[in-house]
Structures are given as structure tokens and as C-alpha cells.
Amino acid sequence: MIADKMVNFVKNSSAIRAMFEEGKIMAEKYGAENVYDFSLGNPNVAAPAEVKEAIIDILDHEDPVVVHGYMNNSGYEDVRAAIAGSLNCKFGTAFREENILMTVGAAGGMNVIFKTLLNPGDEVMVFAPYFGEYRSYAANYDGVLVEVSPDTETFQPNLEEFREKITQRTKAVIVNSPNNPTGVVYSEETIHKLAGILREKQKEFGTEIYLISDEPYRELAYDGVQVPYLTKYYENTIVGYSYSKSLSLPGERIGYLVIPDEVADSQDVIAAANVANRILGYVNAPSLMQKVVARCLDAEVDVPAYNKNREALYGGLKKLGFQCIKPEGAFYLFVKSPVADEKVFCDAAKKHHILIVPGSSFACPGYVRIAYCVSYETIMNSMPGFEALAKEFL
């Protein structure tokens, strides 16, 4: 018998991953070129050349005992110092290596910080639509996820409802911008208002509320849109970052947490996060990849490739009559389903070998997510299928 908690986790396992696995089966049956898999945020763009060069140089010239050995649970000191320096140059911050904790991707970082902060029954607030795995991350530590319903006009956070739902038990608030699944970038005005509400509620309840900024898509922003760096707006901000998207390294599982000195009880939080990194079984982030990303801090993601896909998919679907907002970042299009039950629409899309994810997976039914981190050819070749769906439903 498996654990009771795992029974529910298995039952509610990620629809995104299920769709991805179904796509692999369909590819074997119909040929990969005839299946248009928009399910998973798995970058089609290759990692920058600097990544390969760094890997080869490190393996050729550095001591293998050091490269593949243990280090401080928070990561190599020189790597953390390099990341802190890079952030300071970009955002005018004043981080030190002690403020950086290397993690097994952003997901590992989220679990580390929740292990660090949450007592059973503590509340974690999220703005719908949101990445569905947040439910599991909070539940891992018996936290209670509190959803704020979506503003489907702008997909900016619904701050009026947010204010009403904060309680004495609110311990953390997750912000994901650029957002998965909408591609929306939360505006500076939104962040200022959000920070004001948090300060107001901290004073009202006499508690500390931590803002967790989940930022795997930070570098993927279009049309000159600026993504606010949240530690500059609210003192109790902790940042989780991943190189999965910025360097196209999702399978390498490398990222970091930023825990600024301004965070309440920062020294205790940093110490506890280091211990959490170890006792959760991560021990430390992958050693080789730590050294690699430290050499690639100025490498640039191929934003023009993603933008080309964005323009093609958004323009093509709008021309066919589908409704969606134009994403400002990330690599997702969040499209209004032409029928109330979006799962019916997703099932119909499969008949045309198109795989898309229902919005209910992101706590926003009536919409579907389309990941355009695929080849440009995949997008163009899928258009006849979308045209057939438009004729059927619109």
C-alpha cells in the first residue's frame, strides 16, 4: 500500500506530463513529423554555444575530483559569488554569495523554501492561472494552497480578491512572471500595489508574509517589455530561478534561490534552507552544471526564435477566429476554448494530432495552453488542423 498522500498525488498527476507521454505514443504511430505536440514547456532551441564550450573546458582542464565532488550544501562559493555579482550588475541589488543557494532547478528551490518556511496548515497564496505543480509543492509540507481567481480580461493578479483572502495563516505568496500559462508579465504598477497590500496585512496581523518570485522565464520577454525584479519592491521577497529556459537546460536541473538580507530573519532562513537542501535528498545542486552556468552568465537565450513562433501562432490563431491575449513573455499562448468544457476541445484537437493542455490544469477552466517552444515548422504544419477545429467549433 502506498502512502495516503501519494494516492491523491497519483490520482491528480500532471495533465501536462500525461499529454507529453501520449504525444510520444502518437509520434511512434503516426510519425513525429505528423504530430504537433504543444503540451510541454520543453525548449526546442538549442543551448547557447557557450554551454558546450564550458562543459568541454571544465572537463578537460579542471580537477575531476573537484568537479564531481561534494561542496557546501549551498553550492560552490565562487559560483554563488559570480551569480550575485551578475544580479547586482543587472538589477542594482547588493547580494553576496551568502544570499545565493544553488538548487536542483526552480522546482527544487520551491521545495527547499517551502520546507524552510511552512508549518502544517500555513497558507500559500497563488494567482490563477498558475503552474499546477504548486499544489503538490505546498502539499508536500502540509501547506494549504489558497487560490485567487483569474482576471480573464488582463490576466494580471486580482488584487481585490487577494486582499480579502489574506489571513493570519498566510505564510507565502507565489508570483510567476512572465507567467506560465498566460505569458503575461505582471506590471510594475501591479507589483507596487501587491507589495503595499502585503505590508498592510503584515502590520494588521503582526506576521511575516514571504513573496516567492518564481522566475524561470525572466529572460523570455518580447517587444521591450521589462520584468520587474521583485526584491526591489518588497523586503520579504525570495527569488527562485532556473536555467531550464534561459539556457535551454531543462534536463540538467540547475537553478538557485536568492534570499536577501532584507528578508525577515534572513540568517535563520538561509541556514534552514541550506539544511533543507540536504535533508530533502538533493544534498547539493549538480556540481558540473554549477560550474557551467557560472561561465555562461552573459549567454543570451535565442529570444528572436521564440518571438518568430509567437507571432506565427498568435497571428494564425487570431486569423482563424480564436480568442487569446498576446503573450509578453515565456513561450505559451493561453487560448479561450470555443466550448465551455475545454477538455472536449482538447480531445477534438487530438483527432488532428494536435496536443494542447486544458486550462483546468492551471485552475482556469475554459481555456487551453499551447506551448510554442517547438520548431517553426511544427507551428506552420499544425495550422490546417487548427483551421479544421475552427470550422468545427467557431
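For the structure, see preceding data.
These remarks concern the structure in this document.

**Observations concerning the pairing of strand β12 (residues 367-371)**
When a strand is regular, its side chains alternate between the sheet's two faces.
In step 1: For β12, the buried fraction is high: 5 of the 5 residues fall into the buried class.
In step 2: Because side chains alternate across β12, one face comprises the buried residues Y367, R369 and A371, and the other comprises V368 and I370, equally buried.
In step 3: By the bridge criterion, 5 bridges tie strand β9 (residues 332-336) to β12 in an arrangement that is antiparallel. Bridge pairing links K336 to Y367 in β12.
In step 4: Pairing of strand β11 (residues 357-358) with β12, which is carried by 2 bridges, proceeds in the antiparallel orientation. Bridged to V357 within β12 is R369.

**Quick notes on a negative patch on the surface**
In step 1: Residues E50, E53, D298 and E300 make up a contiguous surface patch of negative charge.
In step 2: Inspection of the secondary structure assignment puts E300 in the loop between α12 (287-295) and α13 (303-320).

**Observations concerning the sheet that holds strand β6 (residues 210-214)**
In a beta sheet, neighbouring strands are held together by backbone hydrogen bonds and run either parallel or antiparallel to one another.
In step 1: Spatial ordering of the open sheet is given by β2-β8-β7-β6-β5-β3-β4, a layout of 7 strands whose pairing is mixed. Every interior strand has two partners, whereas the edge strands, β2 (100-103) and β4 (144-148), have only one. For this sheet, the mean angle separating the axes of adjacent strands, direction not counted, is 20°.
In step 2: The pairing of strand β5 (residues 170-176) with β6 spans 5 bridges and is parallel. Note that in β6 the partner of A172 across the bridge is Y210.
In step 3: Packing against the sheet, helix α5 (residues 77-91) makes contact with β2 and β8 (255-258), and its axis sits at approximately 115° to β2.

**Comments concerning the packing of helix α3 (residues 49-61) against α12**
In step 1: Running from amino to carboxyl end, α3 crosses α12 at an angle of 125°, the nearest separation of the two axes being 9 Å. Comparing the axis directions of α3 and α12 gives the class oblique. Crossing hand, α3 versus α12: right-handed. Contacts between α3 and α12 involve V51, A54, I55, D57, I58 and L59 from the former and L288, K291, V292 and R295 from the latter.

**Looking at a nonpolar patch on the surface**
In step 1: On the surface, I2, M6, V7 and V10 cluster together into a nonpolar patch covering about 350 Å² of accessible area.
In step 2: By the secondary structure assignment, V7 is in helix α1 (residues 4-11).

Calculation notes
Residues numbered from 1 in each chain as written. Predicted model: local features only at pLDDT ≥ 70, side-chain atom pairs only at ≥ 80, totals over all residues. Heavy atoms only, no water. Buried < 20%, exposed > 50% of the residue type's maximum accessible area, 1.4 Å probe, protein only. Helix = DSSP H or I, 4+ residues; strand = E, 2+ residues; numbered from the N terminus. Pairing = 2+ DSSP bridges. Patch = residues over 30% accessible without salt bridge, like charges linked within 9 Å, V, L, I, M, F, W, Y side chains within 5 Å. Areas by Shrake-Rupley, 256 points an atom, 1.4 Å probe, with all protein chains shown as cover. Salt bridge = Lys/Arg side-chain N within 4 Å of Asp/Glu carboxyl O. Lys, Arg positive; Asp, Glu negative; His and termini not counted. Charge placed at Lys NZ, Arg CZ, Asp CG, Glu CD. Axes fitted to C-alpha atoms, helices over the stretch in contact; angles between N-to-C directions. Contact = heavy atoms within 4.5 Å. Parallel < 35°, antiparallel > 145°, perpendicular 65-115°, else oblique. Left-handed = near helix turned anticlockwise from the far one by under 90°.

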